[in-house]
Structure formats: structure tokens, C-alpha cells
Amino acid sequence: MADEQRWHMRIGEVAERTGLPLRSIRHYEDAGLVAPSARTRGGLNLYTPADVERLRAVRRMRRLDFTLDEMRELLRIVDRLAAVDDPPADEELDGLRTRLETYRRTVDTRCAVLGARLREAEDFAATLRTVADHLERHRVG
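Being a predicted model, the structure only gives us computed values, none of them experimental.

1. With respect to the overall build of the chain
Line of reasoning, step 1. Helix and strand counts for the chain come out as six helices and two strands.
Line of reasoning, step 2. The helix and strand sequence of the chain, counted from the amino end, reads α-α-α-β-β-α-α-α.
Line of reasoning, step 3. Against the 2.2 N^0.38 benchmark of 14 Å for 141 residues, the chain shows a C-alpha radius of gyration of 22 Å, more extended than a compact globule.
Line of reasoning, step 4. When the backbone C-alpha atoms are referred to their principal axes, the chain occupies close to 75 × 45 × 25 Å.
Line of reasoning, step 5. When burial is assessed residue by residue, the chain has 26% of its 141 residues classed as buried.
Line of reasoning, step 6. Taking contacts inside the chain between residues at least 6 apart in sequence as the whole, the part at least 24 apart equals 54%.
Line of reasoning, step 7. Surface exposure of the chain reaches about 10100 Å², of which carbon and sulfur atoms provide 53%.
Line of reasoning, step 8. Of note, the chain has its 26 positive side-chain charges centred 5 Å away from the centre of its 26 negative side-chain charges.

2. Description of the pattern of salt bridges
Line of reasoning, step 1. The full count for this structure, using the stated rule, is twelve salt bridges.
Line of reasoning, step 2. Residue Glu13 pairs with Arg17 through a salt bridge whose shortest N-O separation is 2.8 Å. Of this pair, Glu13 and Arg17 both sit in helix H2 (residues 11-18), four residues apart, which is roughly one turn of the helix.
Line of reasoning, step 3. By relative accessible area, Arg17 is classed as partly exposed at 43%.
Line of reasoning, step 4. With its nearest N and O atoms 2.8 Å apart, the salt bridge here joins Glu92 to Arg80. Separated by twelve residues along the polypeptide, Glu92 in helix H6 (residues 90-137) and Arg80 in helix H5 (residues 68-82) bring together distant segments of the chain.

3. With respect to the environment of Asp79
Line of reasoning, step 1. Considering the arrangement of structural elements, one finds Asp79 in helix H5.
Line of reasoning, step 2. In sequence terms Asp79 and Glu91 are twelve residues apart; their C-alpha atoms lie 17 Å from each other.

4. Side note on the confidence of the model for the chain
Line of reasoning, step 1. In this model, the chain carries a mean pLDDT of 93, and residues with pLDDT of at least 70 account for 94%.
Line of reasoning, step 2. In the model of the chain, helix H1 (residues 2-7) stands out as the element of lowest mean pLDDT, 55, in contrast to H5, which has the highest, 97.

5. Points about the side chain of Glu29
Line of reasoning, step 1. Within the secondary structure layout, Glu29 lies in helix H3 (residues 22-30).
Line of reasoning, step 2. Buried and without a salt bridge, Glu29 has Arg26 as its closest oppositely charged side chain, separated by 5.9 Å.
Line of reasoning, step 3. Other than its neighbours up to four places away in sequence, Glu29 contacts Val34, Pro36, Asn45 and Tyr47.

Cut-off values and rules
Residues numbered from 1 in each chain as written. Predicted model: local features only at pLDDT ≥ 70, side-chain atom pairs only at ≥ 80, totals over all residues. Heavy atoms only, no water. Helix = DSSP H or I, 4+ residues; strand = E, 2+ residues; numbered from the N terminus. Rg over C-alpha atoms; globule rule 2.2 N^0.38 Å. Buried < 20%, exposed > 50% of the residue type's maximum accessible area, 1.4 Å probe, protein only. Contact = heavy atoms within 4.5 Å. Areas by Shrake-Rupley, 256 points an atom, 1.4 Å probe, with all protein chains shown as cover. Lys, Arg positive; Asp, Glu negative; His and termini not counted. Charge placed at Lys NZ, Arg CZ, Asp CG, Glu CD. Salt bridge = Lys/Arg side-chain N within 4 Å of Asp/Glu carboxyl O. pLDDT = per-residue confidence, 0-100.

Right under this line is the structure:
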């Protein structure tokens, strides 16, 4: 049990480590994106560092506006590519790589859009600072 506690975390600690609210973690569990690796004798969910990393990936995908179905598929692809006990055969592997490359291009495109939005926001913030500085310098007082 001590070893189990050392390698497993409760949902509150997972929330802290991932920056996700408890409600979101439960929602992602219900959606089949992540499953707790173990349970306490009392029935509480326990998570491993790998579960935390998976939730961090989900959070990143969500911030890139991936749908639950897209997240589910991408996680399935990554899981399948990482399978050691039953690795994908050549034909399946080719299909998985193709789908992964499609998602990679989607991420690149979405990152470029976000980068453009950020630059616009930074330009706007600079404009507001300039206006505020101008008003401060010409303050009637």
C-alpha cells in the first residue's frame, strides 16, 4: 500500500499538477479520454504520472480547439503507435502515421493562427500603452 501511494495520486493532486478543474478531469474520464489507473480500497480513483501526462495532453488539445472525438482519436493513435505487446502491422502502421501527420499539420495551422492572434493582441496592448502614456504626459493637473 505504501508503494501504491508513492506512485499514485488522488484527483486533487492531479488537478493541481495539470491545472485542470476536478470537474474537467471527471468529464474527460466520462468521455473516455483518460481512465484512473487504480482505486483505493474505499473506491477513490488513483492516477499515475502517465495519467497526469495524458491529462496535460488533453488540456493542450482542448486549448487548440480539438473536439472530444478528435482528442479520443489522436490519443488512440498515439496509444496504438506506442503499443509494445501488440505493435501495429505494416498496413495499420502506415494508416496511423498518416493520421498522426494530419493531426500534426492541424496543430501547426492552429498554432500559427494563435500566434497571429497573439501578435494582434500585443499590438493592441502597445497601442493602449502609447495612448495611456500620452494622456499621462499631457495630464492637466
